[in-house]
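# Working through the structure, step by step
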Amino acid sequence: MPDRPAEQNQSMSRGLAVVTGASSGIGAATARRLATEGFEVLAAARRRERLDELAAEVPGIRAVTLDVTSAESVAALAASLDDVAVLVNNAGGAIGMEPIERADTADWQAMYDTNVLGTMRVTQALLPALERGAGGHVVVTGSIAGHVVYEGGGGYTAAKHAATALVETLRLELNGRPVRVTEIAPGMVRTEEFSLVRLRGDAEAADRVYAGVENPLVAEDIADCIAFAVTRPAHVNIDLLVVKPLAQAAAYKVARS
Ligand code: 8X3
């Protein structure tokens, strides 16, 4: 039971935050954290059951089914929203570690579709709602892979570089309008799914990514950075936060015991 009347909760709300890719990892942690920061949170993803569990567990979170690769799904979400304070474009991820000479076109297309076009679709559709009221904030979960390249990362680094280009272009195009634009670029974050999906379900290979690394980042560390960016005063725009664990000096320079 809420300990305050509904009207009072609403008046204390920081507004609506939409988080894509909210069914696990950084997205789920961000949904939880923004709810505790006083946002009304719409947790969006394809896997509805996971979202329903999250919404049942955390007051202030509602679930909505969203496929960022579908224009229809994105349009349906946008049609249901009036005023959005924060959009966290978090849906995305990596598929495969093959060198370019053996890369699979379908993997690259899928990575571009979620990490880049997904962000474009959702941002474009929600911009009117983001501009309404007190203005809005577009956050993109990028990656250090959007700023450097590494062997075996071709498709993912290409997609994340494109996501970074999207963020920087969007900030230029929205200049003078009341919408902040922020990229959070994580390095090594240990989540239940990122490396497992990237390595096509090979759990041992996924574990090796983090082997001997003292304290890789966790999803809550990135949620913390997102919460920081979106709770600054409205005139303060955090352009980019690059966030790595202490053990990681560069994409492939990682201290291991
Ligand atoms: C995840 C970071 O180093 O695997 O976005 O590209 S990395």
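Up top is the structure.
Only a predicted model underlies this, so the values are computations on that prediction, with no experimental measurement involved. (Residues numbered from 1 in each chain as written. Predicted model: local features only at pLDDT ≥ 70, side-chain atom pairs only at ≥ 80, totals over all residues. Heavy atoms only, no water.)

## Re the overall build of the protein
The number of helices and strands found in the protein is nine helices and nine strands. The dimensions of the protein, computed from C-alpha atoms along their principal axes, are 55 × 40 × 35 Å. Residue burial in the protein is summarised as follows: out of 257 residues, 49% are buried. Partitioning the contacts of the protein with sequence separation of at least 6, the portion at a separation of at least 24 is 68%. (Helix = DSSP H or I, 4+ residues; strand = E, 2+ residues; numbered from the N terminus. Buried < 20%, exposed > 50% of the residue type's maximum accessible area, 1.4 Å probe, protein only. Contact = heavy atoms within 4.5 Å.)

## Some remarks on the site of the ligand
Neighbouring the ligand are the residues Ser143, Ile144, Ala145, Tyr150, Tyr156, Pro186, Gly187, Phe194 and Arg198. A distance of 2.5 Å is found between an oxygen atom of the ligand and a side-chain nitrogen or oxygen belonging to Ser143. Tyr150 places a side-chain nitrogen or oxygen 2.5 Å from an oxygen atom of the ligand. Its free accessible area being 240 Å², the ligand has 85% of it covered by the protein chains. For the shell around the ligand, the residue count by class is six nonpolar, two polar and one charged. (Near = heavy atom within 4 Å. Polar contact = N/O pair within 3.5 Å; in protein donor to acceptor, adjacent residues only side chain to side chain. Areas by Shrake-Rupley, 256 points an atom, 1.4 Å probe, with all protein chains shown as cover. Nonpolar A, V, L, I, M, F, W, Y, C, P; charged D, E, K, R; others polar.)

## Notes on helix H4 (residues 71–79)
Every buried residue belonging to H4 is among Ser73, Val74, Leu77 and Ala78, and all of these are buried. End-on, the buried residues of H4 take up no more than an arc of 135°, which puts them together on one face. Exposed positions of H4 whose direction lies more than 90 degrees from the buried face are Glu72 and Ala79. Next to the buried residues of H4 lie strand S1 (16–20), strand S2 (40–45), strand S3 (61–65) and helix H5 (105–131). (Arc of directions from axis to C-beta.)

## Side note on helix H9 (residues 219–230)
Here H9 is twelve residues long and its end C-alpha atoms lie 17 Å apart, about the 16 Å a rise of 1.5 Å per residue gives. For H9, the full list of buried residues reads Ala219, Ile222, Ala223, Cys225, Ile226, Ala227, Ala229 and Val230. Along its buried surface, H9 packs onto helix H2 (25–36), strand S4 (86–89), strand S5 (136–141), strand S6 (179–186) and strand S7 (240–243). (Expected span 1.5 Å × (residues − 1).)

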